[in-house]
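Inside the fold
Each chain, written out:
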Amino acid sequence: MATNTYTGYQQPTHPGYQQPTTVVYSNVPQPAYQVSTAPVTNTVVYTNGTYVPDVGNAWTWSIITCLFCFWPLGLVAMLYASKANDAVRRGDYDCAEMNIRTSKKLSKISLITGIFIIVGITSFYLVLFLTY
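Please read these numbers as outputs of a predicted model, since none were measured by experiment.

Things to note about the overall build of the protein
The helix and strand tally for the protein stands at three helices and four strands. Its helices and strands taken in sequence order, the protein reads β-β-β-β-α-α-α from the N to the C terminus. Here the protein holds 132 residues, and the buried ones make up 15% of them. Considering only contacts within the protein whose residues lie at least 6 apart along the sequence, 45% involve residues at least 24 apart. Total accessible area on the protein is roughly 10900 Å²; 64% of this is exposed by carbon and sulfur atoms.

Structure representation (structure tokens):
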């Protein structure tokens, strides 16, 4: 039986099979870093040995859309962002992710509505003042 040089595991030999050999090239420079082509995923944090997924945060967008765009939808987006943070504290990551998606969706709708309102009011006043 052949002995694996790394772990000491006894490998059975088969007739006609040759064990692979390891070739080490000592003069070949090794890269300083590893280039990864894997897609970027959510950050995984282990706290006290437990899995904690990074669900993100939607507070920034909800506050910005509440202040500068359509504030009623911005307030509802802030409510869902708060619910998401509470769910993360409870450890309910599925509920937190659902609330984050809802908050981001409402923030986007608030942003689009705010842009339409600003463009509509501006064009109304331009037409009103340019006709007189």
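From this point on, the discussion continues.
Overview of the packing of helix α2 (residues 71-90) against helix α3 (residues 93-131)
When two helices pack together, you describe them by how their axes are tilted relative to each other and by the distance separating the axes. Running from amino to carboxyl end, α2 crosses α3 at an angle of 165 degrees, the nearest separation of the two axes being 8 Å. Considered as vectors, α2 and α3 are oriented roughly antiparallel to each other. Where α2 crosses over α3, the two elements pack in a sense that is left-handed. On the side of α2, the interface is formed by Leu73, Gly74, Val76, Ala77, Tyr80, Ala81, Lys83, Ala84, Ala87, Val88 and Arg90, while α3 contributes Tyr93, Cys95, Ala96, Asn99, Ile100, Thr102, Ser103, Leu106, Ser107, Ile109, Ser110 and Thr113. Of the residues in the contact of α2 with α3, the class split is 14 nonpolar, seven polar and two charged.

Structural notes on the packing of helix α1 (residues 59-68) against α2
Two elements in contact, α1 and α2, have axes whose closest approach is 7 Å; the angle formed by their N-to-C orientations is 160 degrees. Considering their axes alone, α1 and α2 lie roughly antiparallel with respect to each other. α1 and α2 meet at a crossing whose hand is left-handed. Facing Trp59, Ser62, Ile63, Thr65 and Cys66 of α1, the residues of α2 in contact are Trp71, Gly74, Leu75, Ala77, Met78, Ala81, Ser82 and Asn85.

So, a nonpolar patch on the surface
Taken together, the side chains of Trp61, Ile63, Ile64, Leu67, Phe68, Leu111, Ile115 and Val119 present a nonpolar region at the surface, about 790 Å² in accessible area. Secondary-structure elements contributing two or more residues to the nonpolar patch are α1 and α3. Among the elements that take part in the nonpolar patch, α1 stands out by supplying five residues, more than any other. Position of Leu67 relative to the elements: it lies in helix α1.

Topic: α3
Taking 1.5 Å of rise per residue, the 39 residues of α3 would be expected to cover 57 Å, and the 57 Å separating its terminal C-alpha atoms lies within 8% of that figure. Inspection of α3 places Ala96, Asn99, Ile100, Ser103, Leu106, Ser107, Ser110 and Gly114 among the buried residues, and these make up the whole buried set. Summarising the contacts, the buried residues of α3 are in contact with α1 and α2.

Quick word on the side chain of Ser62
Structurally, Ser62 can be placed in helix α1. The contact partners of Ser62, leaving out residues within four places of it in the chain, are Gly74, Ala77, Met78, Ala81, Ser103 and Ser107.

Calculation criteria
- Residues numbered from 1 in each chain as written.
- Predicted model: local features only at pLDDT ≥ 70, side-chain atom pairs only at ≥ 80, totals over all residues.
- Heavy atoms only, no water.
- Helix = DSSP H or I, 4+ residues; strand = E, 2+ residues; numbered from the N terminus.
- Buried < 20%, exposed > 50% of the residue type's maximum accessible area, 1.4 Å probe, protein only.
- Contact = heavy atoms within 4.5 Å.
- Areas by Shrake-Rupley, 256 points an atom, 1.4 Å probe, with all protein chains shown as cover.
- Axes fitted to C-alpha atoms, helices over the stretch in contact; angles between N-to-C directions.
- Parallel < 35°, antiparallel > 145°, perpendicular 65-115°, else oblique.
- Left-handed = near helix turned anticlockwise from the far one by under 90°.
- Nonpolar A, V, L, I, M, F, W, Y, C, P; charged D, E, K, R; others polar.
- Patch = residues over 30% accessible without salt bridge, like charges linked within 9 Å, V, L, I, M, F, W, Y side chains within 5 Å.
- Salt bridge = Lys/Arg side-chain N within 4 Å of Asp/Glu carboxyl O.
- Expected span 1.5 Å × (residues − 1).

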